[in-house]
Amino acid sequence: MAKAFSVASWNVEHFGKDPSKVDGVVEYLASQKADLVALYEVEGKEVFRALVPALPKHQFHVTEGEQTQEILVGIKQGFSAWVTQKLEFQSGQSTLRPGVLVTVSVAGQLYPLLFLHLKSMSDPKGFGLRDDMIERACSFRSTLDKAAGGAGKANYLFMGDL
């Protein structure tokens, strides 16, 4: 089977907070030549200034909310895609990052990709939030399957800082 597309998904902890590390990360990401890129824990305008010239054939989308770190997604030109910020993956906590759903159309097939950054607290609240976010991501498959015509029909992937 031929490759439909490639994805690079990377949590670069506090990405943008230390401008000296931005160029190296962006250079490595560009060398991967991925069709879709997702970065987690993005902070600061330095990321934008470095990414745009390094990946000139990508269109970028970033989450918005109360959180200080965001999820950034880039989609290479030539791909038809629909990007949606999904608040339901915040598990009722407005300070958590929302999910990003990117639905890509390739050769007449739809590929919904959900990018998430799960809560990382090491206490019962954090474990509960992580569990809830994963449960929501797994349950989302049934919604996508219905839209695709039945159980197991959606070409669904979810990834991120899990």
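Predicted model only: the values in this text are computed from it and were never measured.

**Here we look at helix 1 (residues 19-31)**
Thought 1: Among the residues of helix 1, V22, V25, V26 and L29 are the ones counted as buried. Relative to the axis of helix 1, the buried residues are bounded by an arc of 100 degrees and lie together on one face. Within helix 1, the exposed residues directed more than 90 degrees away from the buried face are S20, D23 and E27.
Thought 2: Buried-residue contacts for helix 1 involve strand 1 (7-15), strand 2 (36-42) and helix 2 (45-54).
Thought 3: A positive phi of about 55 degrees marks K33, the residue just after helix 1.

**Describing helix 2**
Thought 1: Among all positions in helix 2, only V47, A50 and L51 are buried. Burial along helix 2 is one-sided: seen end-on, the buried residues are contained in an arc of 95 degrees. In helix 2, those exposed residues whose orientation departs by more than 90 degrees from the buried face are K45, F48, R49 and P53.
Thought 2: Considering only its buried residues, helix 2 is in contact with strand 1, helix 1, strand 2, strand 3 (58-62) and strand 4 (70-76).

About the thresholds
- Residues take numbers from 1 onward in each chain, read along the sequence in its written order.
- The predicted origin of the model limits local features to residues at a pLDDT of at least 70 and limits the giving and counting of side-chain atom pairs to 80 or more, whereas totals for whole chains, interfaces and linings rest on all residues.
- In computing side-chain properties, one takes all heavy atoms of the structure into account and sets aside hydrogens as well as water.
- Accessibility here uses a 1.4 Å probe with only protein chains present; expressed as a share of the type maximum, an area under 20% marks a residue as buried, one over 50% as exposed, and anything in between as partly exposed.
- Under the DSSP-based scheme used, a helix requires at least four consecutive residues in state H or I and a strand at least two consecutive residues in state E, with every element numbered from the N terminus.
- When we speak of the arc, we mean the arc of directions from the helix axis to the C-beta atoms.
- Should any heavy atoms of two residues lie within 4.5 Å, those residues are considered in contact.

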